[in-house]
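# Breakdown of the fold
Take a look at the letters that make up each chain.
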Amino acid sequence: ITLTIDVLLIGALVGLEAVAVYSIATYLVSFTAIPNRAVQKVAFPRVALWWLENDRSSIGRLYQDTSTGLLFWGGILFVGFYLASPAFVLFLGEEYEMIGIVFAVFGLGRMIEMITSINRGIIRNSPVYKYETYFSILFMVVMIGLDLLLIPLFEQRNPGSGIVGAAWGSALSF
């Protein structure tokens, strides 16, 4: 949903050319999140079982272990893709020169999300599961608000850089 909202706002506020650059940069970031998605598929059922058994210590240990592992593996992928961003620009053309900065900003937001690892599964399976819905709504409101503020601000200061504002809006809302 994050990408869809950003793309709609970038298309409306900056232009379709910027949508192409932003989309490619965020798709590259999605590759760095592969370890996070894999861990969640395995961890969420365990967390649900441990909540049923009221085994909070196992949940805590799993949270710490997954946070450390995701920071390591996600960080390796993040740094690798960031270092490769000039090659993407060479391959795609100079009009994609903003890929590196958008990748870095949006990617840092995703790294923060990875550091918190399985928190969503912990909340979703806990007695306070209802709050996950409220957090999701809050996330969307904050992201849209930041995008509406930052895209025009960045675009006004440097035409074509509104996509960096969108990346900051998304990253800060994580």
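Residues numbered from 1 in each chain as written. Predicted model: local features only at pLDDT ≥ 70, side-chain atom pairs only at ≥ 80, totals over all residues. Heavy atoms only, no water.

### Describing the overall build of the protein chain
What the protein chain contains, in helices and strands, is eight helices and zero strands. When the helices and strands of the protein chain are listed from N to C terminus, the series reads α-α-α-α-α-α-α-α. The principal-axis extents of the C-alpha atoms in the protein chain amount to approximately 55 × 30 × 20 Å. Evaluated residue by residue, the protein chain yields a buried proportion of 43% over its 174 residues. Of the contacts made within the protein chain by residues no fewer than 6 positions apart, 73% connect residues no fewer than 24 positions apart. In the form shown here, the protein chain has an accessible surface area of approximately 9800 Å², with 68% of it arising from carbon and sulfur atoms. For the protein chain, the distance from the average site of its 10 positive side-chain charges to the average site of its 12 negative ones is 15 Å. (Helix = DSSP H or I, 4+ residues; strand = E, 2+ residues; numbered from the N terminus. Buried < 20%, exposed > 50% of the residue type's maximum accessible area, 1.4 Å probe, protein only. Contact = heavy atoms within 4.5 Å. Areas by Shrake-Rupley, 256 points an atom, 1.4 Å probe, with all protein chains shown as cover. Lys, Arg positive; Asp, Glu negative; His and termini not counted. Charge placed at Lys NZ, Arg CZ, Asp CG, Glu CD.)

### A few points about the nonpolar core
With 29 residues, the main nonpolar core has Ile 10, Val 21, Tyr 22, Ile 99, Val 102, Ile 163 and Ala 167 as its most contacted residues. Elements supplying a minimum of two residues to this core: helix H1 (2–13), helix H2 (16–32), helix H4 (56–92), helix H5 (99–115), helix H7 (130–157) and helix H8 (162–173). Among all residues touching Val 21, those that are not within four sequence positions of it are Glu 95, Tyr 96, Met 98, Ile 99 and Ile 163. In terms of nonpolar packing, the next biggest core, distinct from the first, is built from nine residues, Ala 43, Phe 44, Trp 51 and Ile 118 among them. (Core = buried A, V, L, I, M, F, W, Y, C linked by side-chain atoms within 4.5 Å.)

### Regarding the side chain of Ser 161
Secondary-structure assignment places Ser 161 in the loop between H7 and H8. In this structure the side chain of Ser 161 is engaged in a polar contact, spanning 2.6 Å, whose partner is the backbone oxygen of Asn 158. Filtering out sequence-adjacent residues up to four positions away, Ser 161 remains in contact with Met 98, Phe 154 and Glu 155. (Polar contact = N/O pair within 3.5 Å; in protein donor to acceptor, adjacent residues only side chain to side chain.)

### Quick notes on unusual backbone geometry
Peptide bonds are mostly trans, and most non-glycine residues show a negative phi. In this structure, Asn 54 takes a positive phi of about 55° despite not being glycine. Secondary-structure assignment places Asn 54 in the loop between helix H3 (34–52) and H4. Residue Asn 54 is classed as exposed on the basis of its relative accessible area, which comes to 54%. For Ser 117, which is not glycine, the phi dihedral falls at a positive 40°. Tracing the backbone shows Ser 117 in the loop between H5 and helix H6 (119–124).

### Things to note about the packing of H3 against H4
Between two packed helices, both the angle of their axes relative to each other and the distance between the axes serve to describe the pair. As a packed pair, H3 and H4 sit with axes 11 Å apart at the nearest point and diverge in direction by 180°. Between H3 and H4, the crossing angle belongs to the class labelled roughly antiparallel. Residues Pro 35, Asn 36, Val 39, Ala 43, Arg 46, Val 47, Trp 50 and Trp 51 of H3 form the contact with H4, whose participating residues are Arg 56, Ser 58, Ile 59, Leu 62, Thr 66, Leu 70, Trp 73 and Leu 77. (Axes fitted to C-alpha atoms, helices over the stretch in contact; angles between N-to-C directions. Parallel < 35°, antiparallel > 145°, perpendicular 65-115°, else oblique.)

### Some details on the environment of Ser 30
Examined against the element boundaries, Ser 30 turns out to sit in helix H2. Measuring from C-alpha to C-alpha, the distance between Ser 30 and Pro 152 comes to 25 Å, with 122 residues separating the pair along the chain.

### Digging into the packing of H1 against H8
The geometry of H1 relative to H8 is characterised by a closest axis approach of 10 Å and an angle of 150° between their N-to-C directions. With respect to H8, the element H1 is oriented roughly antiparallel. In the packing of H1 onto H8, the handedness of the crossing is right-handed. Contacts between H1 and H8 involve Thr 2, Asp 6 and Ile 10 from the first element and Ile 163, Ala 166 and Ser 170 from the second. For the contact of H1 with H8, the residue count by class is three nonpolar, two polar and one charged. (Left-handed = near helix turned anticlockwise from the far one by under 90°. Nonpolar A, V, L, I, M, F, W, Y, C, P; charged D, E, K, R; others polar.)

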